[in-house]
Amino acid sequence: MIWDRKRDRIKEAYVANIWAKRAGVDYLVTPNEERYDIQFFDKTGTKVLAEVKVRSKHFGSWFVDAAKEENLLNKSRELGCTPWYLIYCQPTRVAYKLNLHQQFEYTEGWLNESWGKYVPEAQWHSINSNPSIYRGMSSLGWK
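Quantities reported herein were computed from a predicted structural model and do not represent experimental measurements. Think of each chain on its own: its residues are numbered from 1, step by step along the sequence as written. In keeping with the model being predicted, local features are shown solely for residues with a pLDDT of at least 70 and side-chain atom pairs are shown and tallied solely at 80 or more, while totals for entire chains, interfaces and linings include all residues. The side-chain figures draw on all heavy atoms in the structure; neither hydrogens nor water molecules are used.

Draft legend 1. Spatial organisation of the pattern of salt bridges. Salt bridge, as used here: a side-chain nitrogen of Lys or Arg that lies within 4 Å of a carboxyl oxygen of Asp or Glu. Evaluation of the coordinates by the stated rule reveals 6 salt bridges. The shortest N-O distance in the salt bridge between Glu-51 and Lys-68 comes to 3.7 Å. In this pair, Glu-51 sits in strand E3 (residues 45–55) while Lys-68 sits in helix H2 (residues 66–79), placing the two residues 17 residues apart along the sequence. Among the residues examined, Lys-68 registers a relative accessible area of 28% and is labelled partly exposed. For Glu-78, the salt bridge is made with Lys-75, and the minimal N-O distance between the two is 3.2 Å. Taken as a pair, Glu-78 and Lys-75 lie in helix H2 at a separation of 3 residues, close to a single helical turn. When accessible area is computed with a 1.4 Å probe and restricted to protein chains, residues below 20% of their type maximum are described as buried, those above 50% as exposed, and intermediate ones as partly exposed. The exposure class of Glu-78 is exposed, given its relative accessible area of 59%. The class of Lys-75 is partly exposed, set by a relative accessible area of 26%. It is possible to trace a salt-bridge network through shared partners that takes in Glu-51, Lys-53 and Lys-68. Counting from the N terminus, the helices are DSSP H or I runs at least four residues long and the strands are E runs at least two residues long.

Encoded structure:
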């Protein structure tokens, strides 16, 4: 159980690193008792609070837990920053981001014992995070 929690935190940090590089900010993986997983910031203050989910399968729509969404919206309102919901799909190595302040299409429903929104993949911003080691070499790479 402790190993799983530690492994989850490492995955959250990996996802945070992907989006922090894209946004040009720093990040902090928050302690377990916080109501959000990641805080993105720069020298002027907190820019984004985020919830991170790592998925072992690819789905056509991603689930946003209503309770976690509510927590993010409330805390980001309090801090004056933006709430993001982040998904990392392990088989495709694609990182997805949904800004909860923006309008997006969804259907409501249950996932296991959680109520929330199913948001189609097309509504999410994505980054292919495949490390270059998995890509083929260019002709210049062979010289």
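Now that the structure has been shown, the text picks up again.
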